[in-house]
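Working through the structure, step by step
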Amino acid sequence: MAGHVHIGVFVEVVSYVSPYIDSFWTSQPTVVPFWGRMSLHILGFCPMLNYTSAQVAMRLGITRRYQPFAAGLVALLLDLPFDIMCLKTLWWTWHDTDPNITRA
């Protein structure tokens, strides 16, 4: 489980400090551990999502060769409702100036 915590935090921190990935705003949470941007729930949600996805993929009984793909699909299916809910409740939103969503 510690590895899932480390990779989850690493991915989130990289997305906050990289100018190429930093394309979203988060709402102000109660506890903000990193640079005033990362919510404390990320430290629990991301590792839970990674761990659960890996465990489901292993227990599906598919060969080890295809388990990473199954884990990715499970993670997507678990995270998609959360992302939709977060956008609707404005827990996070895209930057208006992000070229990926700006109309030409």
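What comes next concerns the included structure. The structure displayed is predicted, hence computed values, not measured ones. (Residues numbered from 1 in each chain as written. Predicted model: local features only at pLDDT ≥ 70, side-chain atom pairs only at ≥ 80, totals over all residues. Heavy atoms only, no water.)

**Some thoughts on helix H2 (residues 42-59)**
Taking 1.5 Å as the rise per residue, H2 with 18 residues should run 26 Å; its terminal C-alpha atoms sit 25 Å apart, in good agreement. Every buried residue of H2 is accounted for by Ile 42, Phe 45, Cys 46, Pro 47, Leu 49, Ser 53, Gln 55 and Ala 57. Where H2 ends, the next residue or the one after it, Gly 61, has phi of about 85°, a positive value. (Helix = DSSP H or I, 4+ residues; strand = E, 2+ residues; numbered from the N terminus. Expected span 1.5 Å × (residues − 1). Buried < 20%, exposed > 50% of the residue type's maximum accessible area, 1.4 Å probe, protein only.)

**Observations concerning the packing of aromatic side chains**
Scanning all chains against the criterion turns up 1 aromatic pair. Aromatic pair Phe 45 and Phe 82: ring centres 4.2 Å apart, planes at 25°, arrangement stacked. Of the two residues, Phe 45 sits in helix H2 while Phe 82 sits in helix H3 (residues 67-88), which places them 37 residues apart along the sequence. Accessibility classification places Phe 45 together with Phe 82 in one group, the buried group. (Phe/Tyr/Trp six-rings, centres within 6.5 Å; stacked < 30°, edge-to-face > 60°.)

**Things to note about the packing of H2 against H3**
Contact geometry of H2 with H3 gives a least axis separation of 8 Å together with a crossing angle of 135°. Looking at the two axes, H2 sits oblique to H3. At the point where H2 passes H3, the crossing takes the right-handed sense. Along the contact surface, H2 presents Phe 45, Leu 49, Thr 52, Ser 53, Ala 54, Val 56, Ala 57 and Met 58, while H3 presents Gln 67, Ala 70, Ala 71, Val 74, Ala 75, Leu 78, Asp 79 and Phe 82. (Axes fitted to C-alpha atoms, helices over the stretch in contact; angles between N-to-C directions. Parallel < 35°, antiparallel > 145°, perpendicular 65-115°, else oblique. Left-handed = near helix turned anticlockwise from the far one by under 90°. Contact = heavy atoms within 4.5 Å.)

**Notes on a nonpolar patch on the surface**
A surface patch of nonpolar side chains, amounting to about 500 Å² of accessible area, comprises Val 56, Leu 60, Ile 62, Tyr 66 and Phe 69. Along the chain, Ile 62 turns up in the loop between H2 and H3. (Patch = residues over 30% accessible without salt bridge, like charges linked within 9 Å, V, L, I, M, F, W, Y side chains within 5 Å. Areas by Shrake-Rupley, 256 points an atom, 1.4 Å probe, with all protein chains shown as cover. Salt bridge = Lys/Arg side-chain N within 4 Å of Asp/Glu carboxyl O.)

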